[in-house]
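Observations on the three-dimensional arrangement
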Amino acid sequence: MRASTRNCPSRAVRIICQSTIQQVQDIIATQLSVDPSTVQPETKFSELGADSLDTVEIVMSLEEKFGVSIGEQDAENISTVKQVADLIEKESSA
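Everything in this summary refers to the structure shown in the same document.

Parameters at a glance
Residues numbered from 1 in each chain as written. Predicted model: local features only at pLDDT ≥ 70, side-chain atom pairs only at ≥ 80, totals over all residues. Heavy atoms only, no water. Helix = DSSP H or I, 4+ residues; strand = E, 2+ residues; numbered from the N terminus. Buried < 20%, exposed > 50% of the residue type's maximum accessible area, 1.4 Å probe, protein only. Contact = heavy atoms within 4.5 Å. Areas by Shrake-Rupley, 256 points an atom, 1.4 Å probe, with all protein chains shown as cover. Patch = residues over 30% accessible without salt bridge, like charges linked within 9 Å, V, L, I, M, F, W, Y side chains within 5 Å. Salt bridge = Lys/Arg side-chain N within 4 Å of Asp/Glu carboxyl O.

Some words on the overall build of the protein
- In terms of helices and strands, the protein carries four helices and zero strands.
- Sequence-ordered secondary structure for the protein, helices as α and strands as β, is α-α-α-α.
- Burial analysis of the protein (94 residues in total) assigns 37% to the buried set.
- Sequence-distant contacts in the protein: of pairs separated by 6 or more residues, those separated by 24 or more amount to 59%.
- If you sum the accessible surface of the protein, you get close to 5700 Å²; carbon and sulfur atoms cover 48% of it.

Thoughts on a nonpolar patch on the surface
- A cluster of nonpolar side chains, contributed by Leu53, Val56 and Met60, occupies part of the molecular surface with about 290 Å² of accessible area.
- For Val56, the position within the fold is in helix H2 (residues 52-66).
- The partly exposed category is assigned to Val56, whose relative accessible area is 45%.

Comments concerning the environment of Glu42
- On the secondary structure map, Glu42 appears in the loop between helix H1 (11-32) and H2.
- Since its relative accessible area comes to 46%, Glu42 is described here as partly exposed.
- Separated by 37 residues in the primary sequence, Glu42 and Ser79 have C-alpha atoms spaced 9.1 Å apart.

Here you go:
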């Protein structure tokens, strides 16, 4: 399972980004009871069978895990695993 690092500028930051993406993938796989190998950075939640309630539960789990707050408007605009990982990185560094 390779994580995309396109938006991670330095090697040290890429390691953090990969760690975040991996943790996000694991949480999503657990929440949706899907094979972790099906949860890739560009995978859309809808492709995993997630409905709006599932997405809310995923966001809540991620907020708790990473100690961040994801606004309702940001949450509504998230459709892929990578988008949520990027948002967590952004909120963590704010």
